[in-house]
Amino acid sequence: MRKYSDREIRAFGLDPAGIPKHIAIVMDGNGRWATAKGLPRGAGHRAGVNALRDIIRFTSDVGAESLTIYAFSTENRKRPKEEIGILCGLLIEYFNREIDELHENGVRIKSIGDLSWFPTAVQETVRAAEEKTAQNPGLKLNIALNYGGRAELVRAMKLAFSKTDEPDEDAISRNLYTADSGDVDLLIRTGGDVRISNFLLWQSAYAELYFTDVKWPDFTREELIKALKDFASRDRRFGGLKTNGAK
Ligand code: FPP
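Residues numbered from 1 in each chain as written. Predicted model: local features only at pLDDT ≥ 70, side-chain atom pairs only at ≥ 80, totals over all residues. Heavy atoms only, no water.

Notes on helix α6 (residues 149-163)
The first and last C-alpha atoms of α6 sit 21 Å apart over 15 residues, in line with the 21 Å expected at 1.5 Å per residue. Turning to α6, its buried residues number three or more, namely G149, E152, L153, A156 and A160. Taken around the axis of α6, the buried residues stretch over an arc of 100 degrees, which confines them to a single face. Away from its buried face, by an angle of more than 90 degrees, α6 presents the exposed residues R150, K158 and S162. The inward-facing, buried residues of α6 abut β4 (140-147) and α7 (169-174). (Helix = DSSP H or I, 4+ residues; strand = E, 2+ residues; numbered from the N terminus. Expected span 1.5 Å × (residues − 1). Buried < 20%, exposed > 50% of the residue type's maximum accessible area, 1.4 Å probe, protein only. Arc of directions from axis to C-beta. Contact = heavy atoms within 4.5 Å.)

What follows is the structure, encoded as structure tokens:
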């Protein structure tokens, strides 16, 4: 739920009317952050979870409606068992520690992806967080877990075809995991790589893309403000012409 007044939002150098409704983030660079410091990769993921805390808070406080974060891709299943175990442990720890505060702040949690692949303890923790926050009116926090954009599209198309022989674009959109968050306005990727990596392929058709070399554990609210300012400076034409008629 938005906490800041227009005046406070302007004090950050942001325009209250220019806050993206749906922000998506590929939180990349945890491993390299840790390696550069001589730490094990798990320490990078732990630092990544800490970074996430403030980003969720700020996103909610400036009044974005949805935040979709890539926590675990279908490709991440190829990682060593030990690292997957660390990530699962962090997920459980994260939900146990943060759920009350998220709930108090009106955040609605939803996992997107195939949760059934995870150990039962992860599934139960995530489902409990979803159930507890299901009626909350604030930020829609979509956490991508064992998620792949192509798999999501296949699923959405199957669902759409099960309801009608000729689904249109809206019918596909309605059957995506993120149906009630709508299209992505701003897609951020940290960690220096310039690619989408099978994230929200349909929803990002007209997203503004923001890439930064900053590794995820170092992505503070100041870095997010930079991305939001950059977003506000973009001329979003959605394939049309400028609204003021200039070329
Ligand atoms: C990418 O860094 C990050 C991940 C694969 C996992 C992201 C997960 C978290 C921030 C923590 C878990 C999430 C929640 C919701 C508790 P990388 O390992 O690919 O980094 P690298 O590219 O430097 O190797």
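Back to the text.
A look at the nonpolar core
Membership of the largest hydrophobic core comes to 48 residues, with the highest contact counts inside it found for I25, I109 and I188. Where this core is concerned, the elements lending two or more residues are β1 (22-26), α3 (41-61), β2 (66-73), α4 (81-104), α5 (120-133), β4, β5 (186-189) and α8 (221-233). If one sorts the elements of this core by residue count, α4 sits on top with nine residues. For I188, the residues in contact, after removing those within four places along its chain, are I23, A24, I25, V26, Y210, F219, L224 and A227. In this structure, A24, Y147, V184 and L200 belong to the second largest nonpolar core, which totals twelve residues. (Core = buried A, V, L, I, M, F, W, Y, C linked by side-chain atoms within 4.5 Å.)

Regarding the sheet that holds β4
With parallel pairing, the six strands of this open sheet are ordered in space as β3-β4-β2-β1-β5-β6. At either margin of the open sheet sits one strand with a lone partner, and together these are β3 (108-112) and β6 (208-211). Strand-to-strand, the axes of this sheet are offset by a mean angle of 20 degrees, without reference to chain direction. Where β5 meets β6, four bridges bridge the pair, whose relative direction is parallel. Within β6, the residue paired with I188 across the bridge is Y210. With respect to the sheet, α4 is in contact with β2, β3 and β4, its orientation differing from that of β3 by roughly 160 degrees. (Pairing = 2+ DSSP bridges. Axes fitted to C-alpha atoms, helices over the stretch in contact; angles between N-to-C directions.)

Looking at empty space enclosed by the protein
Enumeration over the complete set of coordinates arrives at one cavity of 30 Å³ or more. In this model, the largest cavity occupies a volume close to 110 Å³. What lines the largest cavity is simply R53, I56, R57, S60, D61, Y94, E98, E101, L102, N105 and V107. Where the lining of the largest cavity is concerned, the elements lending two or more residues are α3 and α4. In terms of residue count, α3 provides more of the lining of the largest cavity than any other element does, five residues in total. Per-class residue counts for the lining of the largest cavity are four nonpolar, two polar and five charged. (1 Å grid on protein atoms, 1.4 Å probe; cavity = no way out; pocket = protein on both sides within 12 Å on 5 of 7 lines; lining within 4 Å. Points joined across faces, edges and corners; volume = space filled by probe spheres on them. Nonpolar A, V, L, I, M, F, W, Y, C, P; charged D, E, K, R; others polar.)

A look at unusual backbone geometry
For S197, which is not glycine, the phi dihedral falls at a positive 55 degrees. With respect to the helices and strands, S197 occurs in the loop between β5 and β6. A positive phi is found at F238, a non-glycine position, where the angle reads about 50 degrees. Relative to the elements of secondary structure, F238 occurs in the segment after α8.

Some thoughts on the pattern of salt bridges
One pass over the full model with this rule turns up 24 salt bridges. The closest approach of N and O atoms between R2 and D6, which form a salt bridge, is 2.3 Å. The partner of R127 in a salt bridge is E130, with the nearest N and O atoms 2.7 Å apart. On the criterion of helical spacing, the pair formed by R127 and E130 is a turn pair, its members being three residues apart in helix α5. Overall, R127 belongs to the partly exposed group, its relative accessible area being 40%. (Salt bridge = Lys/Arg side-chain N within 4 Å of Asp/Glu carboxyl O.)

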